[in-house]
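Close look at the chain arrangement
Next come the chains, spelled out residue by residue.
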Amino acid sequence: MVDRKIEILVGMFVALGLGALFLLAMQVSNLSQIQEHGTYRVTAYFDNIGGLKVRAPVTASGVRVGRVAEIGYDRSTFRARVVLALGTQYDFFPVDTSASIYTAGLLGEQYIALDPGAEEETLKDGSVIQYTQSAMILEQLIGRFLVELTSKK
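All figures in this text were calculated on a predicted structure; none of them were measured in a lab.

Quick notes on the side chain of Thr122
Its place among the elements puts Thr122 in the loop between β6 (109–115) and β7 (128–129). Residue Thr122 is classed as buried on the basis of its relative accessible area, which comes to 19%. A distance of 2.9 Å separates a polar atom in the side chain of Thr122 from a polar atom in the side chain of Lys124. Not counting residues up to four positions away in its chain, the partners in contact with Thr122 are Asp91, Phe92, Phe93, Pro94 and Val95.

A word on the sheet that holds strand β5 (residues 98–104)
What the 8 strands build is an open sheet, ordered β7-β1-β4-β3-β2-β6-β5-β8; its pairing is mixed. Among the strands making up the open sheet, the edge pair consists of β7 and β8 (131–133). One ladder, built from 3 bridges, connects β5 with β8; its direction is parallel. Within β8, the residue paired with Ser98 across the bridge is Tyr131.

Some details on helix α2 (residues 138–151)
Between the first and last C-alpha of α2 there are 20 Å, a value that for 14 residues agrees with the 20 Å anticipated at 1.5 Å per step. Taking burial as the measure, the 14 residues of α2 include 0 buried ones, a minor fraction of the element.

Observations concerning unusual backbone geometry
Here Ser61, not a glycine, exhibits a phi torsion of approximately 55°, which is positive. By the secondary structure assignment, Ser61 is in the loop between β2 (57–60) and β3 (63–74). Positioned with a positive phi, Phe78 is a non-glycine residue whose angle comes to about 60°. Tracing the sequence through the fold places Phe78 in the loop between β3 and β4 (79–87).

With respect to the pattern of salt bridges
Applying the stated rule across the entire model yields 3 salt bridges. The salt bridge involving Arg41 is made with Glu70; its shortest N-O contact spans 2.9 Å. One end of the pair, Arg41, is in strand β1 (residues 39–46); the other, Glu70, is in strand β3, with 29 residues separating them in the sequence. Using a relative accessible area of 32% as the deciding quantity, one classes Arg41 as partly exposed. In this structure, Arg79 engages Asp47 in a salt bridge whose closest nitrogen and oxygen atoms are separated by 3.0 Å. Taken together, the residues span a long stretch of sequence, with Arg79 in strand β4 and Asp47 in the loop between β1 and β2 at a distance of 32 residues. By sharing partners, the salt bridges in this structure join Arg41, Glu70 and Arg81 into a single network.

Re the environment of Gly11
Locating Gly11 in the fold gives a position in helix α1 (residues 2–28). Sequence separation between Gly11 and Met26 is 15 residues, and the spatial gap between their C-alpha atoms is 23 Å.

Digging into a nonpolar patch on the surface
A cluster of nonpolar residues, Val2, Ile6, Val10, Phe13, Val14, Leu18, Leu21, Leu24, Val28 and Leu107, forms a patch on the protein surface that exposes about 1,100 Å² of accessible area. In this structure, Leu107 sits in the loop between β5 and β6.

Conventions used here
- Residues numbered from 1 in each chain as written.
- Predicted model: local features only at pLDDT ≥ 70, side-chain atom pairs only at ≥ 80, totals over all residues.
- Heavy atoms only, no water.
- Helix = DSSP H or I, 4+ residues; strand = E, 2+ residues; numbered from the N terminus.
- Buried < 20%, exposed > 50% of the residue type's maximum accessible area, 1.4 Å probe, protein only.
- Polar contact = N/O pair within 3.5 Å; in protein donor to acceptor, adjacent residues only side chain to side chain.
- Contact = heavy atoms within 4.5 Å.
- Pairing = 2+ DSSP bridges.
- Expected span 1.5 Å × (residues − 1).
- Salt bridge = Lys/Arg side-chain N within 4 Å of Asp/Glu carboxyl O.
- Patch = residues over 30% accessible without salt bridge, like charges linked within 9 Å, V, L, I, M, F, W, Y side chains within 5 Å.
- Areas by Shrake-Rupley, 256 points an atom, 1.4 Å probe, with all protein chains shown as cover.

Written out as C-alpha coordinates, the structure is:
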(Lines give C-alpha, C1' and ligand atoms only; values in the text may rest on other atoms or scores of the structure.)
Protein backbone atom coordinates (compact mmCIF):
# COMPACT_ATOMS: atom_id res chain seq x y z
CA MET A 1 0.00 0.00 0.00
CA VAL A 2 2.84 2.39 0.86
CA ASP A 3 4.63 1.48 -2.39
CA ARG A 4 1.49 2.35 -4.36
CA LYS A 5 1.27 5.82 -2.74
CA ILE A 6 4.93 6.52 -3.51
CA GLU A 7 4.41 5.48 -7.15
CA ILE A 8 1.40 7.79 -7.45
CA LEU A 9 3.34 10.72 -5.91
CA VAL A 10 6.30 10.12 -8.22
CA GLY A 11 3.95 9.96 -11.21
CA MET A 12 2.29 13.24 -10.21
CA PHE A 13 5.69 14.87 -9.72
CA VAL A 14 6.84 13.75 -13.18
CA ALA A 15 3.57 14.96 -14.75
CA LEU A 16 3.96 18.38 -13.08
CA GLY A 17 7.56 18.57 -14.28
CA LEU A 18 6.53 17.79 -17.86
CA GLY A 19 3.75 20.38 -17.65
CA ALA A 20 6.23 23.00 -16.42
CA LEU A 21 8.63 22.18 -19.27
CA PHE A 22 5.77 22.49 -21.77
CA LEU A 23 4.80 25.92 -20.40
CA LEU A 24 8.43 27.05 -20.53
CA ALA A 25 8.75 25.88 -24.13
CA MET A 26 5.56 27.74 -25.08
CA GLN A 27 6.83 30.92 -23.42
CA VAL A 28 10.22 30.78 -25.14
CA SER A 29 8.73 29.99 -28.57
CA ASN A 30 6.19 32.87 -28.50
CA LEU A 31 3.32 30.49 -29.23
CA SER A 32 1.50 31.15 -25.98
CA GLN A 33 -0.27 34.25 -27.27
CA ILE A 34 -1.81 33.65 -30.66
CA GLN A 35 -3.93 36.61 -31.71
CA GLU A 36 -4.19 37.56 -35.35
CA HIS A 37 -7.58 39.29 -35.28
CA GLY A 38 -7.80 43.03 -34.77
CA THR A 39 -4.57 43.95 -36.54
CA TYR A 40 -3.41 46.18 -39.35
CA ARG A 41 -0.28 45.51 -41.38
CA VAL A 42 2.60 47.82 -42.15
CA THR A 43 5.81 47.01 -44.03
CA ALA A 44 9.41 47.87 -43.17
CA TYR A 45 12.53 47.23 -45.26
CA PHE A 46 15.85 46.35 -43.61
CA ASP A 47 19.37 45.82 -44.97
CA ASN A 48 19.94 42.95 -42.52
CA ILE A 49 17.40 41.34 -40.20
CA GLY A 50 19.89 39.07 -38.40
CA GLY A 51 18.00 36.27 -36.66
CA LEU A 52 14.59 37.95 -36.66
CA LYS A 53 11.78 35.42 -36.94
CA VAL A 54 8.10 35.46 -37.78
CA ARG A 55 5.99 36.02 -34.62
CA ALA A 56 8.78 38.06 -33.00
CA PRO A 57 7.39 40.87 -30.81
CA VAL A 58 6.99 44.44 -32.02
CA THR A 59 7.26 46.91 -29.16
CA ALA A 60 6.98 50.63 -28.51
CA SER A 61 8.51 51.93 -25.27
CA GLY A 62 8.74 48.33 -24.06
CA VAL A 63 5.02 47.62 -24.61
CA ARG A 64 4.15 44.85 -27.06
CA VAL A 65 2.03 46.43 -29.81
CA GLY A 66 2.19 43.66 -32.40
CA ARG A 67 4.11 40.82 -33.97
CA VAL A 68 6.16 40.14 -37.09
CA ALA A 69 3.71 38.61 -39.58
CA GLU A 70 5.90 37.90 -42.62
CA ILE A 71 9.54 38.03 -43.64
CA GLY A 72 10.62 38.00 -47.27
CA TYR A 73 13.15 39.34 -49.73
CA ASP A 74 12.26 42.16 -52.08
CA ARG A 75 13.82 41.57 -55.49
CA SER A 76 13.43 45.20 -56.59
CA THR A 77 15.18 46.85 -53.61
CA PHE A 78 17.44 43.91 -52.64
CA ARG A 79 16.41 44.32 -49.02
CA ALA A 80 14.55 42.22 -46.46
CA ARG A 81 10.82 42.98 -46.36
CA VAL A 82 9.23 42.60 -42.92
CA VAL A 83 5.47 42.86 -42.50
CA LEU A 84 4.33 43.89 -39.02
CA ALA A 85 0.88 43.07 -37.68
CA LEU A 86 0.08 45.88 -35.23
CA GLY A 87 -2.97 45.83 -32.96
CA THR A 88 -5.82 48.07 -34.07
CA GLN A 89 -5.83 49.68 -30.61
CA TYR A 90 -2.38 51.07 -31.56
CA ASP A 91 -3.48 52.91 -34.71
CA PHE A 92 -1.93 56.22 -33.67
CA PHE A 93 1.70 55.77 -34.83
CA PRO A 94 2.82 58.68 -37.04
CA VAL A 95 3.98 58.01 -40.61
CA ASP A 96 7.55 59.03 -39.68
CA THR A 97 7.82 56.27 -37.08
CA SER A 98 11.14 54.43 -37.19
CA ALA A 99 11.68 50.68 -36.71
CA SER A 100 14.85 49.13 -35.26
CA ILE A 101 15.83 45.51 -34.65
CA TYR A 102 17.17 44.80 -31.17
CA THR A 103 18.17 41.72 -29.18
CA ALA A 104 16.58 40.89 -25.83
CA GLY A 105 17.36 38.38 -23.14
CA LEU A 106 20.00 35.72 -22.68
CA LEU A 107 18.59 33.56 -25.48
CA GLY A 108 19.24 36.30 -28.04
CA GLU A 109 15.63 36.72 -29.12
CA GLN A 110 15.31 39.57 -31.57
CA TYR A 111 12.40 41.99 -31.71
CA ILE A 112 11.42 45.18 -33.49
CA ALA A 113 11.15 48.41 -31.53
CA LEU A 114 9.08 51.27 -32.93
CA ASP A 115 10.05 54.85 -32.18
CA PRO A 116 7.16 57.23 -32.96
CA GLY A 117 7.82 60.35 -34.98
CA ALA A 118 6.07 63.73 -34.87
CA GLU A 119 3.89 63.84 -38.00
CA GLU A 120 0.13 64.34 -37.76
CA GLU A 121 -0.72 61.64 -40.32
CA THR A 122 -0.75 58.08 -38.92
CA LEU A 123 0.21 54.67 -40.28
CA LYS A 124 -2.62 52.82 -41.99
CA ASP A 125 -3.07 49.25 -43.22
CA GLY A 126 -0.54 48.81 -46.04
CA SER A 127 1.72 51.72 -45.03
CA VAL A 128 5.49 51.49 -45.34
CA ILE A 129 7.81 52.53 -42.50
CA GLN A 130 10.49 54.65 -44.17
CA TYR A 131 13.08 54.87 -41.38
CA THR A 132 14.64 51.57 -40.30
CA GLN A 133 17.76 50.41 -38.48
CA SER A 134 19.04 46.92 -39.18
CA ALA A 135 20.17 44.36 -36.64
CA MET A 136 23.64 44.63 -35.14
CA ILE A 137 25.59 41.55 -36.23
CA LEU A 138 28.29 40.51 -33.76
CA GLU A 139 30.58 39.15 -36.48
CA GLN A 140 30.47 42.47 -38.34
CA LEU A 141 31.29 44.41 -35.16
CA ILE A 142 34.25 42.14 -34.39
CA GLY A 143 35.44 42.45 -37.99
CA ARG A 144 35.32 46.25 -37.86
CA PHE A 145 37.17 46.25 -34.56
CA LEU A 146 39.92 44.00 -35.94
CA VAL A 147 40.28 46.10 -39.11
CA GLU A 148 40.62 49.29 -37.06
CA LEU A 149 43.03 47.58 -34.68
CA THR A 150 45.30 46.40 -37.51
CA SER A 151 45.12 49.73 -39.38
CA LYS A 152 46.49 51.63 -36.36
CA LYS A 153 49.79 49.68 -36.42
